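Topology and contacts: notes
Listed below, chain by chain, are the residues.
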Amino acid sequence: MLRGKRVFTYYNQQLFTRDLLAGITLFVMLIPQGMAYAMLAGLPPVMGLYAATIPLFIYALFASSKHLSIGPVAITSLLVFSGVSILAEPGSEEFISFALLLAVMVGAIQLLLGVSKLGFIVKFIPHSVMNGYTSAAAIVIGLSQIKHVLGINLGNHLQVHYIFIGVIEKVMEINLTTVLIGITSIILLIVLKKMAPRVPGALLVVVLSILFVFLFNLEKNGVQIVGNVPQGFPQLVVPTFTVETVQLLIPMALTIALLGFMESLAIGKAIAKKEKYKINPNKELKALGLSNMIGACFQSFPVNGSFSRTAVNHQSGGATQMTSVITGVFIIITLLFFTSFFYYLPNAVLASIILVAVYKLIDIKEMKHLFEVKPFEGWVWVITFIVTLFVGIQWGIIIGAIFTLVLLLNRSSKPSIVEMGYVKREKTFRNIKRYKDAVTSEDAVILRIDSNLHFANISYVEEKVKEVLKDKKGTKWLILDMSGVNDVDTISVDMLEEMIDFYQGKGITTLFASMKGSIRDTVTKVNWDQKYKGQKNHLPLEQLLKVKGIRIEKPEEYVVSALDYQI
């Protein structure tokens, strides 16, 4: 009761005024965006409005974010189209039924992850994969709308090369009036965004295009329009399913569930950080899950948080989730009384709204940045990008994640092993390739291993040691600095023993420095304390050298210039 009382006291007229203004702003954005994204999903435009009603109320009740605005979004809509169009003809009753079933499945997965507190699972999708996927998906989304801007039928292909081939084959069927409407809409949307950002450009373009088509009867000239938009509150439905259909939709449901959550969490956290409050990822999963599951019963396709609308919500002064409730109420009023106004709305205008909304998602700068900092991540970005464009949007993340895993395994199998020398002015040991004035000894070779040791990389370590020692004819001591090793497995311990014995037979004594407690426990269990009594593996490198009487000194005649010194 106290908790409820505090919330009631906290919410006042000032906050309501802020939420009301933000809610109206979001409503103005959602009307054209919702209809456009429904069309992108292969669904009747009115379902975009349905998706902006009940899900908003449910999310507002259970969410931890005060600002996240959920509803139809571009990439999720395209994924719905991609996943369901292989099962049914877009726009058909069967297609709609499958889309609603997909929403239930997405919600169920999100709810299950939230209840199980498995929100951390999204961390396993790397940033490079997500960014490459989003950039490619934005291009696919844009190209998928070209058919509406040109007024031609290109089928349901989502691979860019097929779309281009389709445009070339049907270039003679292009409707110039539709093209004019589409290009004019795009220009108006871009100009209004730059010159008058506070003006609801999308809604203004929608109104002007409706008047234009109505006054000049352009639908008779081949301009495709929305047509009849059902009036009234969305009816309660129970999505039907079969085991076979569920099995076919599971991969796409998983993709949408995880992607939707990641996108929602990213923008939600960004705004929460600015407003100095915390978001609970598992609570967000449950809120999104319930929104999708219950929303599907009121003819909503999968929804998640929107970057653009959440940013507008924050900029407009929205303070709580009451903003979403207000937005949903206005959408319902529109459904009850004003849907007939959308009859003459051209599809080209909805396509233009999508094109202008998604081009910002193409992030080539990030790809360049990744190559500059970590080429490994840059190649992951490129592979994900190419697969999404040319193989299929549903494969982008999967192939990208697999490629990342392969590269990580390859890198893990070749750990960093560096030869160390003594740097007198720093009084410590450093990598001789980075420090040109580092001094080595003819008697001792010091190698530092910067990786855990396991069955996949221990052979590489053995080969690397052999490669270094083959050029060191007078070596008496092989010292392995283990300060960068946190774990070893049984196979690695066995091979280290073989290596110790092998080099002992060649007159080279192997020593270990800075071996951590957990690793010492492991080697003690296989009786290293008895087999190799001379080991002082717990000692730091400098102390080990002193105990063993190994001296590494810098010759007086050795001179190094400042240019030779590398940090």
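Residues numbered from 1 in each chain as written. Predicted model: local features only at pLDDT ≥ 70, side-chain atom pairs only at ≥ 80, totals over all residues. Heavy atoms only, no water.

Once that is clear, we can look at the overall build of the protein chain. From N to C terminus, the protein chain includes 24 helices and seven strands. Over its C-alpha atoms, taken along the principal directions, the protein chain stretches across nearly 95 × 70 × 55 Å. Within the span of the protein chain, comprising 567 residues, buried residues form 51% of the whole. Looking at the protein chain alone, contacts between residues at least 24 apart form 81% of all its contacts between residues at least 6 apart. Carbon and sulfur atoms make up 62% of the accessible area of the protein chain, which totals about 28100 Å². Each charge class in the protein chain can be summarised by its mean position, and for the 52 positive and 39 negative side chains these summaries are 9 Å apart. (Helix = DSSP H or I, 4+ residues; strand = E, 2+ residues; numbered from the N terminus. Buried < 20%, exposed > 50% of the residue type's maximum accessible area, 1.4 Å probe, protein only. Contact = heavy atoms within 4.5 Å. Areas by Shrake-Rupley, 256 points an atom, 1.4 Å probe, with all protein chains shown as cover. Lys, Arg positive; Asp, Glu negative; His and termini not counted. Charge placed at Lys NZ, Arg CZ, Asp CG, Glu CD.)

Despite not being glycine, K117 shows a phi value in the positive range, around 55°. With respect to the helices and strands, K117 occurs in the loop between α6 (93–115) and α7 (127–144). Accessibility expressed as a relative area gives 61% for K117, which makes it exposed. Although it is not a glycine, N217 sits at a positive phi angle of roughly 50°. Tracing the backbone through its elements, the reader meets N217 in the loop between α11 (201–216) and α12 (243–275).

What follows concerns the packing of aromatic side chains. Summed over the entire model, instances satisfying the criterion amount to 14 aromatic pairs. Relative to F298, the ring of F233 lies with its centre 6.1 Å away and its plane at 75°, an arrangement referred to as edge-to-face. Pair noted here: F233 is in the loop between α11 and α12 and F298 is in the loop between α13 (281–296) and β2 (304–305), with a separation of 65 residues, a long-range link. When its relative accessible area of 37% is taken as the criterion, F233 is described as partly exposed. (Phe/Tyr/Trp six-rings, centres within 6.5 Å; stacked < 30°, edge-to-face > 60°.)

What follows concerns the side chain of N304. Looking at where N304 falls in the secondary structure, it is placed in strand β2. Here N304 falls in the buried class, since its relative accessible area comes to 0%. Within polar-contact distance, the side chain of N304 engages the side chain of T76 at 2.4 Å. Sequence-distant contacts of N304, that is, excluding residues within four places in its chain, are made with S69, I70, G71, V73, T76, G260, E263, S264 and L288. (Polar contact = N/O pair within 3.5 Å; in protein donor to acceptor, adjacent residues only side chain to side chain.)

Further remarks concern the confidence of the model for the protein chain. Mean pLDDT over the protein chain: 89, with 96% of residues reaching 70 or higher. Note that residues 1–9 has pLDDT below 50 and, in this model, zero contacts with residues that lie over four places away or in other chains. This stretch, residues 554–567, has a pLDDT under 50; its non-local contacts, to residues over four places away or in other chains, come to 18 contacts. (pLDDT = per-residue confidence, 0-100.)

Time to look at α7. For α7, with 18 residues, the first-to-last C-alpha span of 25 Å sits near the 26 Å given by 1.5 Å per residue. Burial of α7 is extensive: 16 of the 18 residues sit out of reach of the surface. (Expected span 1.5 Å × (residues − 1).)

In this section: a nonpolar patch on the surface. Judged by side-chain polarity, L188, V199, L204, V207, L208, L211, F212, F214, L215 and F216 come together as a nonpolar surface patch covering roughly 900 Å² of accessible area. For the nonpolar patch, the leading source of residues is α11, giving eight residues. Positionally, V207 belongs in helix α11. (Patch = residues over 30% accessible without salt bridge, like charges linked within 9 Å, V, L, I, M, F, W, Y side chains within 5 Å. Salt bridge = Lys/Arg side-chain N within 4 Å of Asp/Glu carboxyl O.)

Our next topic: empty space enclosed by the protein. Per the counting criterion, the structure on display carries two cavities of 30 Å³ or more. By volume, the largest cavity is sized at about 40 Å³. What lines the largest cavity is I458, V461, E462, M495, L496 and M499. Going through the elements one at a time, α20 (458–469) and α21 (490–505) are the ones with two or more residues in the lining of the largest cavity. When its volume is computed, the second largest cavity comes out at roughly 30 Å³. Considering the residues around the second largest cavity, the lining is formed by H148, G151, T178, V223, Q224, P346, N347 and A348. For the lining of the second largest cavity, the per-class residue count stands at three nonpolar, five polar and no charged. (1 Å grid on protein atoms, 1.4 Å probe; cavity = no way out; pocket = protein on both sides within 12 Å on 5 of 7 lines; lining within 4 Å. Points joined across faces, edges and corners; volume = space filled by probe spheres on them. Nonpolar A, V, L, I, M, F, W, Y, C, P; charged D, E, K, R; others polar.)

Moving on: the pattern of salt bridges. The tally for this structure, following the rule as stated, stands at five salt bridges. Between R448 and D450 there is a salt bridge whose closest N-O contact spans 2.8 Å. Of the residues examined, D450 reaches a relative accessible area of 31% and is grouped as partly exposed. For E497, the salt bridge goes to K531, with nearest N and O atoms at 3.2 Å. Residue E497 is located in helix α21, and its partner K531 is located in helix α23 (residues 528–531); the two are separated by 34 residues in the primary sequence. Exposure remark for E497: the relative accessible area of 12% places this residue in the buried category.

Before going further, it helps to spend a moment on the sheet that holds strand β6 (residues 477–481). Read from one edge to the other, the open sheet built from five strands follows the order β4-β3-β5-β6-β7, with strand pairing classed as mixed. Looking at the sheet topology across the chains shown, the edges are occupied by β4 (428–431) and β7 (509–513). In this sheet, neighbouring strand axes are inclined to one another by 35° on average, regardless of whether the strands run parallel or antiparallel. Taken together, the four bridges between strand β3 (residues 417–423) and β4 define a ladder with antiparallel strand orientation. Bridging from a neighbouring strand, G421 pairs with R430 of β4. The sheet contacts of α20 involve β3, β5 (444–449) and β6, and relative to β5 the element is tilted by about 150°. Relative to the sheet, α21 contacts β6 and β7, its axis offset from that of β7 by approximately 140°. (Pairing = 2+ DSSP bridges. Axes fitted to C-alpha atoms, helices over the stretch in contact; angles between N-to-C directions.)

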